[in-house]
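Spelled out from the first residue to the last, the chains are:
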Amino acid sequence: MRRVGDHYVATSYEEAWAEIGASLSSIISHDSPDAVGCYYGNPAGYDPGSLGALTQFMRALGSRSVYNWGSVDTNAKAVVCGEMFGVTMIPMIPDVDNCDCFLFIGTNPAESKLVWISSVPDGWRRVLTRVDEGADLIVVDPYRTQTAAAATQHLAVAPGQDWALLLGIVKVIIEQGLHDAEACAAEVGFDAIEKLVARADLDDLARRAGLTVAVIENVAVRFATARSAIALTRTGVSQTSRGTLALWLTEVLTVITGNWDIRGGRHFQRGAITPKLPAYDHNPPLSRIAGRPAIEGCFSIAELPGEIRTPGPGQLRGLFIQSGNPVVAGPQGEQLDAALAELELLVAVDIVQRESHRHAHWLIPGTHWLERDEFAPFASMTTDVPFVQFTPHAVDPPDSILPETDFFHGLGVAMGLPGYLAGQPFSLMDACRAAFERAGHATWQELLDHPHGMVVGPREYGNAHAMLRTPDHRINLAPSRFVDELRRQLATEPSAAPAGLALQLGNRRRLSSMNSFLNELPGPRKIVASNRAELHHDDAARLGIVDGDRVRVRSAVGSIELTAVVTDAPRPGVVVVEHGWGSRVFDPAGRAEPDVVGVNRNLLTAANEEDPLSLMSAFNETWVTVEPA
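All residue numbers refer to position in the chain's written sequence, counted from 1. With pLDDT at 70 or above as the cut-off, local features in this predicted model cover only qualifying residues; side-chain atom pairs require 80 or more to be listed or tallied, and sums for whole chains, interfaces and linings still use all residues. Note that water and hydrogens are dropped before the side-chain values are worked out from all heavy atoms of the structure.

Caption draft 1: Summary view of the sheet that holds strand 20 (residues 550-554). Pairing between two strands requires that DSSP report at least two bridges joining them. Under the scheme used here, helices are H or I runs from DSSP no shorter than 4 residues and strands are E runs no shorter than 2 residues, and both carry numbers assigned from the N terminus. Strand order in the closed barrel formed by six strands is 18-22-19-21-20-25, with mixed pairing between adjacent strands. This sheet shows a mean twist of 45° between the axes of neighbouring strands, independent of strand direction. Interaxial angles span 0 to 180 degrees and are taken between N-to-C directions of axes, which are lines fitted to C-alpha atoms, for helices over the stretch in contact.

Caption draft 2: Local environment of the pairing of strand 11 (residues 318-322). Here the term buried applies to any residue with accessible area under 20% of the maximum for its type, exposed to any over 50%, and partly exposed to those in between, with areas from a 1.4 Å probe on protein chains only. Within strand 11, five of the five residues are buried, leaving the element largely enclosed by the surrounding structure. Covered by surrounding structure in strand 11 are Gly318, Phe320 and Gln322 together with Leu319 and Ile321, the residues of both alternating faces. Pairing geometry for strand 3 (residues 36-40) and strand 11, over five bridges, is parallel. If you follow Tyr39 over to strand 11, its bridge partner there is Ile321. Two elements, strand 11 and strand 12 (residues 345-350), share five bridges in a ladder whose sense is parallel. Across the sheet, Leu319 pairs through a bridge with Leu346, a residue of strand 12.

Caption draft 3: Spatial organisation of the pattern of salt bridges. Salt bridge, as used here: a side-chain nitrogen of Lys or Arg that lies within 4 Å of a carboxyl oxygen of Asp or Glu. One pass over the structure, following the stated rule, counts 42 salt bridges. Arg144 is the salt-bridge partner of Asp568, the closest N and O atoms lying 3.0 Å from each other. Of this pair, Asp568 sits in the loop between strand 21 (559-567) and strand 22 (574-577) while Arg144 sits in the loop between strand 7 (136-140) and helix 6 (146-149); the two residues are 424 residues apart in sequence, bridging distant segments of the chain. Across the pair Glu374 and Arg372 runs a salt bridge whose closest N-O atoms are separated by 2.7 Å. Several salt bridges share partner residues, and in doing so they unite Asp95, Asp97, Arg126, Asp384 and Arg459 into one network.

Caption draft 4: A look at the state of the cysteines. Two cysteine sulfurs form what is called a disulfide whenever their separation falls within 2.5 Å. Evaluated as defined, the whole model comprises zero disulfides. There is no disulfide at Cys81, and the cysteine sulfur nearest it, in Cys298, is 16 Å away. For Cys81, a relative accessible area of 1% gives the class buried. For the unlinked cysteine Cys101, the closest cysteine sulfur is that of Cys99, found at 6.5 Å. Under the relative-accessibility criterion, Cys101 is labelled buried at 1%.

Caption draft 5: Structural context of the side chain of Thr74. Among the structural elements, Thr74 can be located in the loop between strand 4 (66-68) and helix 3 (75-85). Of the polar contacts made by the side chain of Thr74, one reaches the side chain of Trp69; its length is 3.2 Å. Polar contacts, as used here, are pairs of N or O atoms within 3.5 Å; protein pairs need one atom able to donate a hydrogen and one able to accept it. Residues neighboring in sequence count only if both atoms are side-chain atoms.

Caption draft 6: View of the domain arrangement of the protein. The assigned domain composition of the protein is domain 1 (2-64 + 300-455), domain 2 (83-262) and domain 3 (498-628). The interface of domain 2 with domain 3 comprises 25 residues on the first partner and 24 residues on the second. Each of two parts loses accessible area, computed with a 1.4 Å probe, when they are put together; buried area is these two losses added. When domain 2 packs against domain 3, close to 2000 Å² is buried across both sides, 49% of that on carbon and sulfur atoms. In terms of surface lost to domain 3, no three residues of domain 2 exceed Glu111, Tyr143 and Gln239, which account for 35% of the buried area on that side. The interface formed by domain 2 and domain 3 contains three salt bridges. An automatic or database domain assignment is the source of the domain bounds shown. It only takes one pair of heavy atoms within 4.5 Å for two residues to be counted as in contact.

So this is what it looks like as structure tokens:
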């Protein structure tokens, strides 16, 4: 569909390829390939063919202007893996069936599965089975989630201070001699960790975390003396200004207690196909305006408005948004929305028209996951046993819709880009099939004969070191960037609440919704009532708010209005608002007002509120207040 005035008209792919190709060529001829960028959202990660087609197209253009979900989701994990293991992402899978002590920090598997990037099918039920058998389950979260409600102990840590708790745990373990000396000696940097914990004061760490010294000591001993233990730190933590430190200290805790790549700990599982994992780039390209590094080849969402609006060589004039919603996913989305309106060319590729598409010149239909054949052999290395499955499409897409791979191939052909030949689109499925058959686990026909998938090997332990890309194939326990930042934090007092903003923003998950990319679809939109402001009884009484009131949540940079829920689930001083809502979903063929689905909590977080190591937005510690609307 092509924009005509204030609405859209249906047209052909041939016309889209011709007109979009001409616009791209004009932009590049007046500047450079970097003047054309792309943003891809989380759903693209679940469609390897679509994502591969987009990234191949950007490489053919010669553009470095690539943005993705990382700065609001996964960058902290990527940076920690890169600095410690030499690879951008190494799946270390929790062996939940054999674990004796679980330490879950900022993760809620009762409602959000056991990711990122590992997969434990039915994992929460299996965790509960181990707890019933006597395993310890310690949950760290400012909010009493469903996971926390089932825990043997729930620690309501202060927002953004998980790193202080973890450093305290590591300090107690080392100073009480509870660490695994052999495991520590096998890696690099343990002496630097010892020096760090020696200079940290346990009373100070406990004060920062909002816990007692006795609690930290007790958790440390329970974790270190368990036969096997798993520590997991997830998005609830990484969306804070010190999230990378917390994820790093979680990995340190795992290694020094001897729980890395063992039975009952977190292990690496070779899949049906085990690729050579991409090496971490220690000298990545820098962004044009802010001069900040790309992480996994992608720049931060927070930088997009400046790159669009700041004149000069490489100024973004054209943008693809594929399966994503950066206006809702990123901080201060109103700034990006205004910037998108200034582009010469905005092309949206998706299955629904989202908030970020309001200014699009072209709407390209994506395929639904039930409309495409899928086979992801590399995903088998993210499961607790090497499992592979070919899933044929359940329904045919409309005759008028081409797969995204064909759209980008046609555009590449129309522009005469290198690697694009008419009638010869690249097939990721064919490449994956060939790789699977080369691996020799089974024939393609045998896979097709097992519609529910195949397990092609046993659960394994002890293979993770072979995947490291550090110079000596040893784990770097003390990357200099992390050590320097931790020292800075220890020497700095936590930020005091700004005047009039005494609460901190928190988040939670629900099984019935998933970020912004499902909340706009018909099913999850029925539960938009969950998009509320939940605050503790004590805070509500102090602010004169009762359950069901219409309230305004206000920060230094924005405000939103929604319904208040008063409970005892959040830690006092925390107001919980779910993320992923706030899109205006429109019908491109009609003239009716858009369907507004909830409110966007990320409008409350400033673009410069972020983790300095991973450039991730610090959504889960923004200072706010709640007042009657």
